[in-house]
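What follows is the residue order along each chain.
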Amino acid sequence: MAGRHSKRPGLHVRIPEQSVSRPVGIVDSRTRVEHVVAGGVVAPHRLSYLAKCGAEILAASLTDPGRARCAQCAR
Ligand SMILES: [Zn+2]
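Residues numbered from 1 in each chain as written. Predicted model: local features only at pLDDT ≥ 70, side-chain atom pairs only at ≥ 80, totals over all residues.

**Description of the nonpolar core**
Most often, soluble globular proteins keep nonpolar side chains buried together rather than apart. In terms of nonpolar packing, the biggest core is built from 8 residues, these being Ile26, Val27, Val37, Tyr49, Ala51, Ile57, Cys70 and Cys73. Sorting the residues of this core by element identifies β1 (24–27) and β3 (48–51) as the ones contributing at least two each. When sequence neighbours within four positions are dropped, the list of residues in contact with Ile26 reads Glu34, His35, Val37, Tyr49, Ile57 and Ala59. (Core = buried A, V, L, I, M, F, W, Y, C linked by C-beta atoms within 7 Å. Buried ≥ 20, exposed ≤ 12 C-beta atoms within 10 Å, placed from the backbone. Helix = DSSP H or I, 4+ residues; strand = E, 2+ residues; numbered from the N terminus. Contact = placed C-beta atoms within 7 Å.)

**What to know about the confidence of the model for the protein chain**
Should the pLDDT be low somewhere, the predicted coordinates at that spot are not to be read in detail. Averaged over all residues, the pLDDT of the protein chain equals 77, while 60% of them reach at least 70. No element of the protein chain has a lower mean pLDDT than strand β2 (residues 33–43), which averages 76, and none a higher one than strand β5 (residues 68–69), which averages 94. (pLDDT = per-residue confidence, 0-100.)

**Things to note about unusual backbone geometry**
Comment: phi is negative for the bulk of residues other than glycine, and the bulk of peptide bonds are trans. One non-glycine residue, Arg32, lies in positive phi territory at about 60°. Mapped onto the elements of the fold, Arg32 is located in the loop between β1 and β2. Classification of Arg32 by C-beta neighbours within 10 Å gives partly exposed; the count is 13.

Following this line, the structure appears as structure tokens:
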């Protein structure tokens, strides 16, 4: 059995991805409503995210607590 995993060493070593792997709440800077983002960045050049509810979010400052939470995302 020795040597069974010796082929192509290191080929499957991947750099950990920086994408969103778990749902995270992001406040939309336009409405200041917090949405849950599950899909990752839509348009990195303008910090736009796709929310769970389907809304496109323009990320506000991470220190902004927002004024409400999206009811659709909370489900
Ligand atoms: Zn939402």
